[in-house]
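This is what each chain is made of:
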Amino acid sequence: QQRSVDQAQKLAEYTDKTLVQAELPDTRQKGEYELVRNYSAQPRQLTYQSIKFTGDSFVKTNVITRVLQSEVDHVEKGDPATSAINETNYKFSYKGTEELNGRQMHVFQIKPRRKDPSLFKGKIFVDAYTGSLRRAEGTVSKSPSFFVRKIEFVQDFDDIGGFTMPVAMRSTAKARIIGKTIVNVFHRAYD
């Protein structure tokens, strides 16, 4: 928890190359969008620069663009403290140790203290030697929209330049109109 607080205070800005892959299995539509993501702490701002898109424009407009806008809104309009993985927002239950990618992890079951689209119910994996968050997985506690019924995800993290950064996220959502939606997001080349 202290690492998270320190990072929020010290991380001034970064860029990375982001790849978003989205699929609508029910209609066999796909899309892949390469972007550069730019984050600035003062003022809190998140922007994306397009590199290349391939696939169905419906997927770009109705899935990928909405995912990206949701992340921008969370960064620019949200309060990071309300979604932090800490005792204010979650109840923790220690579940033991487990190996993940060849490293020993402490595993905690977490439950949100309130229903909020920025919180989830699931597990976190914390590196036993560094204290860094390595994985968060579960189900979003409250749907962010009437049109989305359930979101399940697995998000992986790595230490880059002294900060714990997301490197991959895989999610599945059930939407009322377009059916099942699969979104994978990969971040690389952090600067």
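What counts, and where the lines are drawn
Residues numbered from 1 in each chain as written. Predicted model: local features only at pLDDT ≥ 70, side-chain atom pairs only at ≥ 80, totals over all residues. Heavy atoms only, no water. Helix = DSSP H or I, 4+ residues; strand = E, 2+ residues; numbered from the N terminus. Contact = heavy atoms within 4.5 Å. Polar contact = N/O pair within 3.5 Å; in protein donor to acceptor, adjacent residues only side chain to side chain. Salt bridge = Lys/Arg side-chain N within 4 Å of Asp/Glu carboxyl O. Buried < 20%, exposed > 50% of the residue type's maximum accessible area, 1.4 Å probe, protein only. Pairing = 2+ DSSP bridges.

Undergrad: Any chance you could break down unusual backbone geometry for me, citing the residues and the numbers?
TA: Glycine aside, residues mostly have negative phi, and peptide bonds are mostly found in the trans state. For the peptide bond that leads from glutamine 42 to proline 43, omega is -10 degrees, which places it in the cis range. Assignment of secondary structure puts proline 43 in the loop between strand E2 (29-40) and strand E3 (45-55). In the Ramachandran plot, asparagine 101 falls in the positive-phi region, its phi being about 55 degrees despite a non-glycine side chain. Within the fold, asparagine 101 resides in the loop between strand E4 (90-100) and strand E5 (103-112).

Undergrad: How would you sum up the environment of tyrosine 90? Please name residues and give values.
TA: Take tyrosine 90: it is sitting in strand E4. When the C-alpha positions of tyrosine 90 and proline 112 are compared, they lie 4.4 Å apart, and in sequence the two are 22 residues distant. If sequence neighbours within four positions are ignored, tyrosine 90 has contacts with Ser83, Ala84, Ile85, Ile110, Lys111, Pro112, Arg113, Ser118, Leu119 and Phe120. At 3.1 Å, the side chain of tyrosine 90 and the backbone nitrogen of phenylalanine 120 are in polar contact.

Undergrad: Give a description of the pattern of salt bridges that names residues and reports values.
TA: Taken as a whole, this structure holds 12 salt bridges when the rule is applied. Residue aspartate 127 is joined to arginine 103 by a salt bridge in which the shortest nitrogen-to-oxygen separation is 2.9 Å. Of this pair, aspartate 127 sits in strand E6 (residues 120-127) while arginine 103 sits in strand E5; the two residues are 24 residues apart in sequence, bridging distant segments of the chain. Aspartate 127 sits in the buried class, given a relative accessible area of 2%. What emerges from the salt-bridge pattern is a single network uniting Arg103, Asp127, Arg134 and Asp159.

Undergrad: Describe the pairing of strand E1 (residues 13-24), and please don't skip the residues or the numbers.
TA: With 12 bridges connecting them, E1 and E2 associate as antiparallel partners. Each bridged residue has a counterpart across the sheet, and for threonine 15 the counterpart in E2 is asparagine 38. Joining the antiparallel neighbours E1 and E2 is a turn of 4 residues, in which arginine 28 adopts a positive phi near 60 degrees. Bridge analysis of E1 against strand E10 (residues 179-188) gives 7 bridges, and the strand direction is antiparallel. Across the sheet, the residue bridging to alanine 22 is valine 183, located in E10.

Undergrad: Break down the environment of lysine 95 for me, citing the residues and quoting the values.
TA: For lysine 95, the position within the fold is in strand E4. With 13 residues separating them in the primary sequence, lysine 95 and phenylalanine 108 have C-alpha atoms 5.4 Å apart. Every residue in contact with lysine 95, bar those within four places of it in the chain, is listed here: Val107, Phe108 and Gln109.

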